[in-house]
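These are the residues of each chain, in order.
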Amino acid sequence: TETIVSIGMRGDGDEPMTEGTAIELLEDIVAKQREIIAETTGKQAEETPQMWALYKEVQEYYEKGMRVPDDVTLLLCDDNWGNIRKLPELDAPERSGGYGIYYHFDYVGGPRNYKWINTNQIERTWEQMDLAYQHGVDRVWIVNVGDIKPMELPTQFFLDFAWNPEAIEAKDLPDYYIEWAKDIFGIDQADQIAEMMQQYTKYNARRKPELLSPETYCLHDFNEANRVVNEYSSLVEKAKNIQKSIPQNLQDAYYQLVLFPVEASANLNELYVATAKNRWYAQQGRASTNQYAEKVEALFEKDAALMKFYHTELADGKWNHMMSQTHIGYTYWQQPEKNSIPETQKLALPEKSEMGIAIPGSVEWWPKANSKASLPFFDSFNDQTYTIDQFNRGSEPFNYKIKNKPEWVILSKSKGKVNDQSTLDIFINWTKAPLGESEASFQIEGGGSKVEIFIPTRKISDLPGVGFLESNGYVSIEAKNFIKQVENDKAEWVVVPNLGKTASGVIYQPRTINQDKIRQMSPRLEYKINILTEGEVKVHLYFSPTLNYKEGDGLQYGIGFNNEEPQIVNVHEDNSSKNWNESVANNIKVSTSLHTILKGNQTLKYYLIDNGLVLQKIVVETGKLQQTYLGPPESFLFKE
């Protein structure tokens, strides 16, 4: 049964109509289509529900003045990446046809196809569709799912939420996963399965598999690449342990819905990190280079084996070809014809051993590097542990030993043998470390060479007050960890659990409240930080890649320290295609402002102006901040 009829037309091959003739031509087409509807149904055209999809260039026709009759539902659209492009203005006149939304869980197009596996956080879907609902978009919701099988969780959520948008609030989202798991697998394992579904979709949403590359996650700063692999590996281990307690009649469902997406996603991320290590180690001449080339081959073969099991053995081949979508080896937006293994390197090693040292925060290696082998800062509150790599550049193993180490510098080993590579953990005994800033060092001797490792430390006797502590040139804060919130009587700041690349997002409810200017009691969030380096700083705010969905130049916010006049920042100042490509590919939009501050305890204030922004993270850059995909981990929070 046709319950709603699509009207309008796009150009040949989904291309825009000829510039200058499109609006007049399309309005004539719509008029003729409505005549056909009336003739076919024997009723007035307005008695048959119709919708006009403002998809891609069609929205531009609307913005240039094209109109359809009032009874036609305007189907507004996202950008194909889950970010709504346009919503009705809050003061827009009512239309009898109302508004709808066309949304995407899957897409063929730029900056890259994403079709293989679920990468959609239900929290993001909730946030965007809640935004639409509060703007009066309640006539029809449509979601483009692509292949249904990997998208069962987000599809069910979309339908459940659409059934009654007022029944699911942000605080209810964690329980949604639990109820979903309980409905399928029973109560015994529901909590653990729910947690895994939350986490794997969060990890996959950071960067879609088709966009992953060896360069995505950083090998040498914040241990980022290893942390990502370890997070996925932990999920795989948990999923396999739970599988043992799943009843036999639910094993196929558990594998398809839970274990497979977790294991396949983990394997793919490890494949790219292993490729990155192979290439980096080849540059350093590490003996382990060839091992990582072999590991890449093994992980590539495992990907194929997982697909084969899914297609031929799982449920006796019931879901054959459901996961056949190519996902490795993209070079531009369109999919490759087949999965192709990333290029790796192999080395012919000299027989004689030679020691090499790599340290966190540097792409160089010693003793070749001309610079000083200085570790990042250790401070007494963050109490860091850093790990250095000792690697062999030859075939023969070598022995090493540590010399001239201060007693308050603690190492995991004082001597040993290195065949290909080994790690050495370094931390500080703060009860014996000198007060204030200092620098110590020790030597590693082995393989015919010696490397001196420098250890900068800062032992802090006290702090001015509650707040996140600056260290190594930055203060990093998850948005949910504000110390104060200022609201008005009819609205509130709301944490959307799990929404974001690293923690949760923060929004202001209801989404229809905006501020024309900042006043003393304007809605705001406050964050306390302890600054050790005064001067000019950059404040980077990490937002979900929300688009400018209303009239005007872009969505704005206010930012300032203490009682200074807040700066007004436009998140959409750069609305170029290049900027959009980066935002959706990285699944984050970073907005930056410059400030000058003094040492001591400071209050950073984030002010609401235009609602709709979703704040995920704040990074105050006080020195040279290393660029990594996820940004620096959260800083230490000092509490009195």
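Side note on the overall build of the protein
Part 1: Within the protein, the regular secondary structure consists of ten helices and 27 strands.
Part 2: Across the 640 residues of the protein, 55% fall into the buried class.
Part 3: Accessible area for the protein stands at about 28500 Å²; split by element, carbon and sulfur atoms hold 46% of it.
Part 4: Charged side chains of the protein number 66 positive and 91 negative; the gap between the two group centres comes to 7 Å.

Topic: the sheet that holds strand β4 (residues 99-104)
Part 1: A sheet is described by the order of its strands in space; here five strands give the open sequence β1-β2-β3-β4-β5, paired in parallel fashion. With partners counted over all chains shown, the strands left at the sheet margins are β1 (5-7) and β5 (140-144), one partner each. The mean inter-strand angle of the sheet, taken between neighbouring strand axes irrespective of direction, is 30°.
Part 2: Sheet topology note: the strand β3 (residues 73-77)/β4 ladder contains four bridges and is parallel. Paired with Cys77 across the bridge in β4 is Tyr102.

Re helix α1 (residues 22-41)
Part 1: Counted at 1.5 Å a residue, the expected span for α1 with its 20 residues is 28 Å, and the 28 Å between its end C-alpha atoms agrees.
Part 2: For α1, the set of buried residues is Ala22, Leu26, Ile29, Val30, Gln33, Arg34 and Ile37. Taken around the axis of α1, the buried residues stretch over an arc of 140°, which confines them to a single face. Every exposed residue of α1 that faces more than 90 degrees away from the buried side is listed here: Glu24 and Glu39.
Part 3: Those residues of α1 that are buried lie in contact with β1, β2 (50-53) and α2 (57-63).
Part 4: Directly beyond the C-terminal end of α1, a positive phi value near 75° is found at Gly42.

As for the sheet that holds strand β14 (residues 449-459)
Part 1: What the five strands build is an open sheet, ordered β7-β14-β13-β9-β11; its pairing is mixed. Two strands bound the open sheet, and with one partner strand each, they are β7 (378-379) and β11 (415-418).
Part 2: Where β7 and β14 come together, two bridges link them in parallel fashion. Within β14, the position partnered with Asp379 by the bridge is Arg458.

Section: the side chain of Lys605
Part 1: Following the sequence through the fold, Lys605 ends up in strand β25 (residues 600-608).
Part 2: In this structure the side chain of Lys605 is engaged in a polar contact, spanning 3.1 Å, whose partner is the backbone oxygen of Asn562.

Re the nonpolar core
Part 1: By size, the foremost hydrophobic cluster in this structure holds 136 residues, and its most contacted members are Trp52, Ile101, Ile193, Tyr254 and Tyr606.
Part 2: Broken down by element, this core gets its largest block of residues, 17 residues, from helix α8 (residues 251-284).
Part 3: For Trp52, the contacting residues outside a window of four places in its chain are Ile7, Gly8, Val58, Tyr62, Met66, Val68, Val72, Thr73, Leu74 and Leu75.
Part 4: Among the nonpolar cores identified, the runner-up in size contains 28 residues, and Tyr400, Ala433, Ile453 and Ile455 belong to it.

Section: a negative patch on the surface
Part 1: The grouping of Glu60, Glu63, Asp91 and Glu551 at the surface amounts to a negative patch.
Part 2: Mapping Glu60 onto the fold places it in helix α2.

Things to note about the pairing of strand β21 (residues 535-543)
Part 1: With nine bridges connecting them, β21 and strand β24 (residues 589-597) associate as antiparallel partners. Note on β24: the bridge partner recorded for Val539 is Ser593.
Part 2: Here six bridges tie β21 to strand β26 (residues 615-621), and the two strands are oriented antiparallel to one another. From the neighbouring strand, Lys538 faces β26, where its bridge partner is Glu621.

Remarks on the packing of helix α6 (residues 190-206) against helix α7 (residues 224-243)
When two helices pack together, their arrangement is given by the angle between the helix axes and by the axis-to-axis distance.
Part 1: In the contact formed by α6 and α7, the axes pass within 11 Å of each other and the chain directions differ by 150°. With respect to α7, the element α6 is oriented roughly antiparallel. Where α6 crosses over α7, the two elements pack in a sense that is left-handed. Listed contacts from α7 to Gln192, Ile193, Glu195, Met196, Gln199, Tyr200, Tyr203, Asn204 and Arg206 of α6 are Val228, Glu231, Tyr232, Leu235, Lys238, Ala239 and Ile242.
Part 2: Along the lines of polarity and charge, the residues of the contact of α6 with α7 split into nine nonpolar, three polar and four charged.

A word on helix α5 (residues 173-185)
Part 1: The terminal C-alpha atoms of α5, which comprises 13 residues, lie 19 Å apart, in line with the 18 Å expected from a rise of 1.5 Å per residue.
Part 2: On its buried face, α5 is in contact with α3 (122-134), α4 (152-163), α6, α8 and β18 (492-496).
Part 3: Taken from the residues just after α5, Gly186 is the one with a positive phi, measuring 90°.

Some points on the packing of aromatic side chains
Part 1: Scanning the model with the defined rule gives 31 aromatic pairs in all.
Part 2: Considering the side-chain rings of Tyr281 and Tyr292, the 5.4 Å spacing of their centres and the 85° angle between planes classify their relative orientation as edge-to-face. Note that Tyr281 is positioned in helix α8 and Tyr292 in helix α9 (residues 289-313), a separation of eleven residues in sequence. There is no split in this pair, since Tyr281 and Tyr292 are both buried.
Part 3: Taken together through their ring pairs, the aromatic side chains of Tyr103, Phe105, Trp126, Trp141, Phe157, Phe158, Phe161 and Tyr176 make up a single cluster.
Part 4: Positioned over the ring face of Trp280 is Arg286, at 5.6 Å from the centre of the ring.
Part 5: The ring of Phe377 is capped by Arg458, whose NZ or CZ atom sits 4.5 Å from the centre of that ring.

Examining the side chain of Gln443
Part 1: Mapped onto the elements, Gln443 comes out in strand β13 (residues 436-446).
Part 2: Within the structure, Gln443 has its side chain in polar contact with the side chain of Asn404 (distance 2.5 Å).
Part 3: Among the polar contacts made by the side chain of Gln443, one reaches the side chain of Glu452 at a distance of 3.2 Å.
Part 4: Sequence-distant contacts of Gln443, defined by excluding residues within four places in its chain, comprise Lys401, Ile402, Lys403, Asn404, Lys450, Val451 and Glu452.

Here's the deal with a nonpolar patch on the surface
Part 1: Together, Val108, Tyr332 and Trp333 make up an exposed nonpolar region whose accessible area comes to about 300 Å².
Part 2: For Tyr332, the location among the structural elements is in the loop between α9 and β6 (355-358).
Part 3: Residue Tyr332 is classed as partly exposed on the basis of its relative accessible area of 46%.

Overview of unusual backbone geometry
Part 1: Cis peptide bonds are those with omega within 30 degrees of zero, and the linkage from Gly110 to Pro111 qualifies with -5°.
Part 2: Position of Pro111 relative to the elements: it lies in the loop between β4 and α3.
Part 3: Put simply, Trp366 and Pro367 share a cis peptide bond, and its omega is 15°.
Part 4: Tracing the sequence through the fold places Pro367 in the loop between β6 and β7.
Part 5: Backbone geometry places Asp14, a non-glycine residue, at a positive phi of 60°.
Part 6: Mapped onto the elements of the fold, Asp14 is located in the loop between β1 and α1.
Part 7: A positive phi is found at Asp383, a non-glycine position, where the angle reads about 50°.
Part 8: With respect to the helices, strands and loops of the structure, Asp383 is situated in the loop between β7 and β8 (386-392).

Basis of the calculations
Residues numbered from 1 in each chain as written. Predicted model: local features only at pLDDT ≥ 70, side-chain atom pairs only at ≥ 80, totals over all residues. Heavy atoms only, no water. Helix = DSSP H or I, 4+ residues; strand = E, 2+ residues; numbered from the N terminus. Buried < 20%, exposed > 50% of the residue type's maximum accessible area, 1.4 Å probe, protein only. Areas by Shrake-Rupley, 256 points an atom, 1.4 Å probe, with all protein chains shown as cover. Lys, Arg positive; Asp, Glu negative; His and termini not counted. Charge placed at Lys NZ, Arg CZ, Asp CG, Glu CD. Pairing = 2+ DSSP bridges. Axes fitted to C-alpha atoms, helices over the stretch in contact; angles between N-to-C directions. Expected span 1.5 Å × (residues − 1). Arc of directions from axis to C-beta. Contact = heavy atoms within 4.5 Å. Polar contact = N/O pair within 3.5 Å; in protein donor to acceptor, adjacent residues only side chain to side chain. Core = buried A, V, L, I, M, F, W, Y, C linked by side-chain atoms within 4.5 Å. Patch = residues over 30% accessible without salt bridge, like charges linked within 9 Å, V, L, I, M, F, W, Y side chains within 5 Å. Salt bridge = Lys/Arg side-chain N within 4 Å of Asp/Glu carboxyl O. Parallel < 35°, antiparallel > 145°, perpendicular 65-115°, else oblique. Left-handed = near helix turned anticlockwise from the far one by under 90°. Nonpolar A, V, L, I, M, F, W, Y, C, P; charged D, E, K, R; others polar. Phe/Tyr/Trp six-rings, centres within 6.5 Å; stacked < 30°, edge-to-face > 60°. Lys NZ or Arg CZ within 6 Å of the ring centre and 35° of its normal.

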